[in-house]
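Single-letter residue listing:
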Amino acid sequence: MDVNAAVAAAAAIAGVLTGVIAVLAFRWSEREQNRPTRSSLHTDAVLPPGVDTVLSVLRSSAVVLDEADAVVKASSAAYALGLVRGGKLAVEPMLQMARDTRRDGEIRQVELDLPRRGTGRGEALAVSARVAPLGSRLVLLLVEDLTEARRIEAVRRDFVANVSHELKTPVGALSLLSEAVMDASEDPEAVERFAGRMQIEATRLTSLVQELIDLSRVQNDDPLEDAEPVRVDELVAEAIDRCRHQAGAKQITMAAGGAADLRVWGNRGQLAAALGNLVENAVNYSPARTRVGIAARSVNAPGGDHIEIAVTDQGIGISDKDKERIFERFYRVDPARSRATGGTGLGLAIVKHVAASHGGEVAVWSAEGQGSTFTLRLPEAGAARDRAHQQTVRHERAGGAGLDEEAGRSTLTSPESTAYETLPAPEVLP
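Residues numbered from 1 in each chain as written. Predicted model: local features only at pLDDT ≥ 70, side-chain atom pairs only at ≥ 80, totals over all residues. Heavy atoms only, no water.

S.K.: Got a sec to walk through the confidence of the model for the protein? Specific residues and values, please.
M.R.: Counting all residues, the mean pLDDT for the protein is 75, and 72% of those residues have values of 70 or more. Below pLDDT 50 for its whole length, residues 35–45 participates in nine contacts with residues either more than four positions away or in separate chains. Overall, residues 399–430 carries pLDDT values under 50, and its contacts beyond four positions in sequence, including any with other chains, amount to 57 contacts. (pLDDT = per-residue confidence, 0-100. Contact = heavy atoms within 4.5 Å.)

Written out as structure tokens, the structure reads:
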């Protein structure tokens, strides 16, 4: 009987202890759940009201640091740029700026070149960092990516330098030739010879200025504002007529062929200038007594039918190293030959911009000593008109959208991919 009583008493004591332990564990768990975490302190309790919302709409990369240099808040752009790693600010100069600002409360700004993440090349990321105090304990760091702005500025400087150089050449030549005419005033033959040279240089200067105007216009204007259906055969005939004199002087045969009654949708003047530049280049860079062909055809594509206009010559061809750069402004494959033919180095740049602004592209195939084929691909009139209407509707609903110039990036193709052998034989124009 005593044994049973002892067992019962022990069981009762064990039950009481278990209950006490369970109550204590529940109270401790409840207190831990109600205790604010480190992240909640940083994002909710530490940041002043409204700051989180403001930082989320800023275009700049934003980082908020506390008194221990820990990251309280960081935008996704800051992580993408590699500014924050492992909860710490990873750029030492910015971290030092934050410490100095926390110490004296002074706003600081600096421009830095940072290594680009994820590339094995030594490309630098240009940024502008601005540090300011945020309350009494926090520091706000705003970082602006200046890489694209610097690239555009470099392009602008190069363009101005190239324009200055190109204008200086004919202007200098005209100045020297005018002095030569004055010195040879008593020699009619010399005067006539120098006057002829002056006329050539004046023509080159006029062409350069006109192409600069054309390039500026195609870059700034929207061709779809004055768009209309344009017959391809009319564009081809206009391009041939434009180069008829140069081709006749070199006894070059110009032939047109391909499908008939094709139409593209766009600005007639810009399209005529682009195709004219391609034909003019083909004539200028072709040897005498050769052939330049212009062929057009319709091609089915997933995004809508396209019209391809190919200009083929039997000229000197283009090397592989030059193919990637021929659409750059003022770039010439053979500068000496370009000067001899009066080329400005802007013709293909204009073609590229016209193609891009019309939703198309320009492609090139070429081999040294075998000639070149430049293909202008443009949306067919019906598909392009429908697409332009849809874009206008989306533009009005979204409040405006810009044109992506890079949509017209040039590509390389082979003559087999164009399959112009299937076209009807070109008809030689008079």
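S.K.: Which residues make up the pattern of salt bridges, and what values go with them?
M.R.: If charged atoms from side chains of opposite charge come close, those side chains can pair. This model, assessed by the stated rule, comprises 23 salt bridges. As a salt-bridge pair, E106 and R108 come within 3.8 Å of each other at their nearest N and O atoms. We classify E106 as partly exposed; its relative accessible area is 45%. With its nearest N and O atoms 3.0 Å apart, the salt bridge here joins E234 to R268. Separated by 34 residues along the polypeptide, E234 in helix α8 (residues 232–242) and R268 in helix α10 (residues 268–284) bring together distant segments of the chain. For E234, a relative accessible area of 35% puts it in the partly exposed group. Using a relative accessible area of 30% as the deciding quantity, one classes R268 as partly exposed. Three or more residues joined by partner-sharing salt bridges are found here, namely R231, D233, E234, E238, D261, R263 and R268. (Salt bridge = Lys/Arg side-chain N within 4 Å of Asp/Glu carboxyl O. Buried < 20%, exposed > 50% of the residue type's maximum accessible area, 1.4 Å probe, protein only. Helix = DSSP H or I, 4+ residues; strand = E, 2+ residues; numbered from the N terminus.)

S.K.: Lay out the side chain of R108 in plain terms, naming residues and giving numbers.
M.R.: Examined against the element boundaries, R108 turns out to sit in strand β5 (residues 108–115). A polar side-chain atom of R108 sits 3.3 Å from the main-chain carbonyl oxygen of E106. Sequence-distant contacts of R108, defined by excluding residues within four places in its chain, comprise M97, D100, T101, A129, R130 and V131. (Polar contact = N/O pair within 3.5 Å; in protein donor to acceptor, adjacent residues only side chain to side chain.)

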